[in-house]
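Commentary on secondary and tertiary structure
In case you want the letters, here they are:
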Amino acid sequence: MVRKNAQQPDLYPEYDQLHLPTIDREILAWWDANGIFEKSVSSRPESKRFVFYEGPPSANGMPGIHHVMSRTIKDLFCRFKTLQGYRVERKAGWDTHGLPVELGVEKQLGIRKSDIGVKIPVAEFNRLCREDVMRYTHVWNELTRLMGYWVDMDNPYVTYENAYIESLWALIRMLYDKGLLYEGYTIQPYSPAAGTGLSSHELNQPGCYRNVKDVSAVAMFRIKRDERSQFLFVDNADAVYFLAWTTTPWTLPSNTALAVGKDITYSLVKTYNVYTHQIVYVVLAQELMQRYFTDEGATMPFDEYKKGDKKVPYREVLTCKGAALEGIRYDQLLPYAQPKDGDAFKVVTGDFVTTTDGTGIVHIAPSFGADDFKTAKQHGLGSLTLVDKQGKFTEEVNDPVFPLQGRYVKDAYYTEAEKQAEFETQKRILKEKNIIADLRSFMSVDDLIVLKLKLEGKLFLTEKYEHNYPHCWRTDKPVIYYPLNSWFVRTTAIKDRLIALNKTIRWKPPHTGEGRFGQWLENLVDWNLSRSRFWGTPLPIWKTEDGSEVKCIGSLKELEDEIHKAIRAGLMTGSENYRNEKGEIELHKPYVDAIVLVSAKGQKMYRVPDLIDVWFDSGAMPYAQWHYPITNEDVFRQNFPADFIAEGVDQTRGWFFTLHVLAVALFDSIAFKNVVSNGLLLDKNGNKMSKRLGNVIDPFDTIRNHGADATRWYLIRNSDPWENMKFDINGLQEVVRSFFGTLYNTYSFFALYANIDHWKPASDKLTAKGQLQELDLWIISRLHTLLQEVTEYYDQYEPTRAARAIEKFVDEDLSNWYVRLNRRRFWKGEMSEDKEAAYSTLYECLITVAQLISPIAPFFAEWLYKNLKGPGISVHLSYLRVADTKLINKELEERMELAQRACSLILSLRKKEKIKVRQPLSRALIPVLNERQKNLYRSVEAYIISEVNVKKIEYVDDTSGIIRKKVKPNFKELGKRAGPKMKAIQQALANFTDADIRRFEQQGSYTLQLNGEPFELQPHEVEILTEDIPGWLVATEGGITVALDITLNDELRHEGNAREFVNKVQNLRKDKDFQVLDRIKVSVLKNETFARTLAAHQQYIANEILAREIVLVDQLSDYDEVEMNDEILKVKVERCS
RNA sequence: AGUCUCGUAGCUCAGGUGGUUAGAGCGUUACACUGAUAAUGUAAAGGUCCCCAGUUCGAGUCUGGGCGGGACUACCA
């Protein structure tokens, strides 16, 4: 953008055109050179803080446009609070640990997790992770700068640094001391083939869930006869069974319970076991009977059943609720081993039991299912884990007949050769045992167990079942659920406080806090901290080998002390490899693992090899960013809790949760008072942006091409941040054109005339001076209303409303009404009190708008402010004033709105009649119902007259007798009283004549007869409108009616001609590149009409076009032809020297 | 599968506590304006307010049930 008047630095800068990216560059350079960000913090008092926490991004991926979104939100509230005089420090941070980093490095090296420590030393692997994680730091820094996100990138917290980890250790120690940290085990996805647990992240890799066919079985669990179960033993039945379905028969040896639904209805059914042909009694959910029995079976006589029949007779003997089955015991199905850790082999109730599949009775193997595990815990049930970590049955599964012991529970774990060998074994054994003479194909353990059950009369049904089953994304082998040791934070112990304190947080939007987050808290489980990876914060726990003694280390100093003890005890030499170049203990694997401590009883203690969940890293940032609780107690206290944080909704159960948990667990406090969770950014068609689809918006391109402000403004104004947003570049361009363009034009207009008049504001105080006109008072009133609204919106974290309110003001009020109606005041004549008022009013509006937009559009706001105030002054160091309610005049705003709407109506009439605005008309008519209304119009009459170019406005009221009125119910008022009678009243009012209405108005009430019943209408219960003036050209909208007199006389025609002529000459001046202030001479070839027009309006014409003289001539050369309504004139325009 | 959320014009979005003719901007079409001019204005066309039922004198708005999109959590016999 080239400044046109660069030679005159004391003038307001004027430019050729608006180009936002150029403004970005200039302002960025200026900010950098003058340290504006630093000043915006340091200029605010330490005693008045607004605390913001930056959620650390991971720099091992490239930033996307959605980061611009969340960072715009963060930035704008921080800037706004600065504007209000708060000190807002913003410490940047980097999230550096975690699986994505490791996976990235694995990919680079072409290795797998199992190779780490084998093909590449752990130390080397972690060194690569450390380098890799900061790979795109410079890109992030650049985006941060370019988008105008003010955050202190020079002193970020970095989660892999020793000091940060030390803080984490101290916090873990605090949890440990509070009894909130414990070791336990849970059922986790586990890949025996890879020998490792899998995270949910890994399980959600594409292709992990596959449809596979497995053997399913409905097993029969024989009920123990006792008082509880007595009612099931009818007809002298000696064997009654529960039916339970499973798709993983290999878990049946580990069964320790059955679960039923409390409110589900179960049936006791008499039928045949189709394999043994014995009559049996079985229990299953009534709803699911049709799955196993055909209708004919219900009536089929029992003695007609023959071996192999498709139809099986059955009878429903009795029904009961699941609750009645609770506590009933049964014989262990496959008694290879006995649980030692609790009760077993009984029926419990569970919410998770449904009747969509199976039998409505769920087989519970606590070691191999999350629900099972939970149920077992709730009911104090014992467990059996008859599978080892390699995925093989343990030695305990020692079947006298079938080869199960030591066999893989999933045949996919066998190699082909192994499988073949196993097949031979099976064939031999089954032949020896006289079960299958000549086995044809390999049998999985599922097959074998099903066969065993069949032979033992414990199988009701088996079939192939296709379902979705997770597979290990590295080995392609099925995953099993398996109990693994982990360290947990006992979040369930503080659940009530988590919920109670959450209610004191303001969530934007509220439903994220109450719903998504609240729900999550209600269903809280303990937080599994353990991760069995390499690059992360090590768990600071050392244990003796027998597990009897545990130490949780809370600081480096404590660790040093413990090492000294260990050295004295001779367990360490001190020369082990656990220090980095600086001589500090390196708090990463494998270094910390080289440290062996000594227990109180003199035992060796080794570190538990686990790392902790990376979310602990980020959730601990309120403390660890200051190296608290090791040091900086005071800094921490000043900055806790945060006033404001913001991230995407995907962080609800991530960062927001861990922040909350740690604050509540450690300090019984919230970590943040206000949180904005923004939605997703989708492409313009509503699809997720992905590299694969090629619909990713590059934030750098967007900012480079359209400017940071346009991007920010668009993101904020388009929809509430918490909605998912469709990003459309066309919408962004529209923002540039309509908002920034309009504001720029308004400024250009101001600068153009203020420079001509050499106008400067008298003082810094933003108060209009001079002789204020009604329009000035009006725009000032609107400005203060805006100030009030926008301040409130920002304070309530409603940025979209703020942006839209500003847009509306700039476009509709300032540009399209105030400036448009006032143009003349700016360019007419010499400086005057009136002109002074106009300048200072417009100036004040622009200054305030610059401030109000500065949080969202920091660059353009700065540019505008500096243009108005001078090159050295920053809007971001300014203070936003509080709206002055004394300057707000609602009645004036209402009047002006009336004028705007009346103008719009009259213009639409002119339009309809094709009469241009330049043609004056004699009068407009406005019907008024009362004095008040008339006075309202009167006060803005002048604007209407000049805007629509009529000579006068006449008001017609009742007395004129020419307006037609209409009455309709005021539904809101009348509805309260009339209720069901509304319809009838509406009907009655529609039939009112003018006379009825007049009588109503005169008497102040009206009694209707509704079906013979009187109903007295009050004036406030109806609306009386003028609708028509018969015989006139009328327009009506929203209760306003106007009529226009379109008859023309000569006088009006000549005036119209004069204006038309002026307009054409002005165009000629422009075509000829005359300066605004150049004087001209106009020669016109003789023309009758024009001669008369000139005679009547010479003064006016000359004034308008700055003509020294206007002459009619007989001959003219070198002329221009102009159209003056119906006449074509030959005109010569010359500049006077 | 559960939880949350969204569904209004071709597109992007407004529509406190229910009030009868549902709005704006963009886009389209037509026209106008012209000392802010690569700006601006006016108007027209464009809607089963996702569907169904209910509450009510009256439902885009409240209730219930569906359908569809999205997010998160889970993956279960």
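All values derive from a computational prediction rather than experimental measurement.

**Examining the nonpolar core**
Grouped together as the largest cluster of nonpolar side chains are 132 residues, with contacts concentrated most on Trp-713, Phe-750, Ile-806, Phe-860 and Ile-944. Those residues in contact with Trp-713 that sit more than four places away from it in its chain are Val-735, Phe-739, Phe-740, Ala-803, Ile-806, Glu-807, Ile-853, Ile-856 and Ala-857. Within the second largest apolar cluster, 72 residues are counted, among which are Ile-361, Phe-368, Phe-423 and Val-450.

**What to know about the packing of helix α3 (residues 65-83) against helix α22 (residues 708-718)**
Two elements in contact, α3 and α22, have axes whose closest approach is 10 Å; the angle formed by their N-to-C orientations is 85°. With respect to α22, the axis of α3 lies roughly perpendicular. Across from Ile-65, Val-68, Met-69, Thr-72, Ile-73, Asp-75, Leu-76 and Arg-79 in α3, the residues of α22 making contact are Thr-711, Arg-712, Leu-715 and Ile-716. When its residues are assigned to classes, the contact of α3 with α22 shows seven nonpolar, two polar and three charged.

**A few points about a nonpolar patch on the surface**
A surface patch of nonpolar side chains, amounting to about 240 Å² of accessible area, comprises Leu-752, Ile-756 and Leu-1077. On the secondary structure map, Leu-1077 appears in the loop between α33 (1050-1071) and β35 (1080-1085). Relative accessible area serves as the criterion here: at 54%, Leu-1077 is assigned to the exposed category.

**Some points on the sheet that holds strand β20 (residues 597-598)**
Strand pairing within a sheet occurs via backbone hydrogen bonds; the two strands may be parallel or antiparallel. Spatial ordering of the open sheet is given by β19-β18-β21-β20, a layout of four strands whose pairing is antiparallel. Among the strands making up the open sheet, the edge pair consists of β19 (550-552) and β20. Bridge count for strand β18 (residues 541-544) against strand β21 (residues 604-607) is three bridges, and the pairing is antiparallel. Bridge pairing links Lys-543 to Tyr-606 in β21.

**Some remarks on the pairing of β21**
Side chains Met-605 and Arg-607 project from β21 onto a buried face, and the interleaved Lys-604 and Tyr-606 project onto a face without burial. Of the pairings in the sheet, the one linking β20 to β21 comprises two bridges and is antiparallel in character. By the bridge assignment, Val-598 is partnered in β21 with Lys-604. What sits between the antiparallel neighbours β20 and β21 is a turn of five residues, in which Gly-602 has the positive phi angle 85°.

**Considering the packing of aromatic side chains**
Following the criterion strictly, the structure yields 66 aromatic pairs and no others. Relative to Tyr-305, the ring of Tyr-272 has its centre 4.3 Å away and its plane inclined at 25°; by these criteria the two rings are stacked. Taken as a pair, Tyr-272 in strand β8 (residues 265-272) and Tyr-305 in the loop between α9 (289-292) and β10 (314-321) lie far apart in primary sequence, 33 residues in all. In terms of burial, Tyr-272 and Tyr-305 fall into one category: buried. With a centroid separation of 6.2 Å and 85° between ring planes, the pair formed by Trp-507 and Phe-672 is classed as edge-to-face. Of this pair, Trp-507 sits in strand β15 (residues 506-508) while Phe-672 sits in strand β24 (residues 672-678), and the two are 165 residues apart along the sequence. Comparing Trp-507 with Phe-672, the two get one shared label, buried.

**As for the pattern of salt bridges**
Throughout the structure, instances matching the rule amount to 63 salt bridges. The shortest N-O distance in the salt bridge between Arg-135 and Asp-132 comes to 3.0 Å. Assessed through its relative accessible area of 37%, Arg-135 is described here as partly exposed. With relative accessibility at 5%, the residue Asp-132 sits in the buried group. One salt bridge connects Asp-757 with Lys-835, and the closest N-O pair in it is separated by 2.7 Å. Of this pair, Asp-757 sits in the loop between α23 (729-756) and α24 (774-795) while Lys-835 sits in helix α26 (residues 833-853); the two residues are 78 residues apart in sequence, bridging distant segments of the chain.

Quick notes on the rules
Residues numbered from 1 in each chain as written. Chains lettered and ligands numbered in written order. Predicted model: local features only at pLDDT ≥ 70, side-chain atom pairs only at ≥ 80, totals over all residues. Heavy atoms only, no water. Core = buried A, V, L, I, M, F, W, Y, C linked by side-chain atoms within 4.5 Å. Buried < 20%, exposed > 50% of the residue type's maximum accessible area, 1.4 Å probe, protein only. Contact = heavy atoms within 4.5 Å. Axes fitted to C-alpha atoms, helices over the stretch in contact; angles between N-to-C directions. Helix = DSSP H or I, 4+ residues; strand = E, 2+ residues; numbered from the N terminus. Parallel < 35°, antiparallel > 145°, perpendicular 65-115°, else oblique. Nonpolar A, V, L, I, M, F, W, Y, C, P; charged D, E, K, R; others polar. Patch = residues over 30% accessible without salt bridge, like charges linked within 9 Å, V, L, I, M, F, W, Y side chains within 5 Å. Areas by Shrake-Rupley, 256 points an atom, 1.4 Å probe, with all protein chains shown as cover. Salt bridge = Lys/Arg side-chain N within 4 Å of Asp/Glu carboxyl O. Pairing = 2+ DSSP bridges. Phe/Tyr/Trp six-rings, centres within 6.5 Å; stacked < 30°, edge-to-face > 60°.

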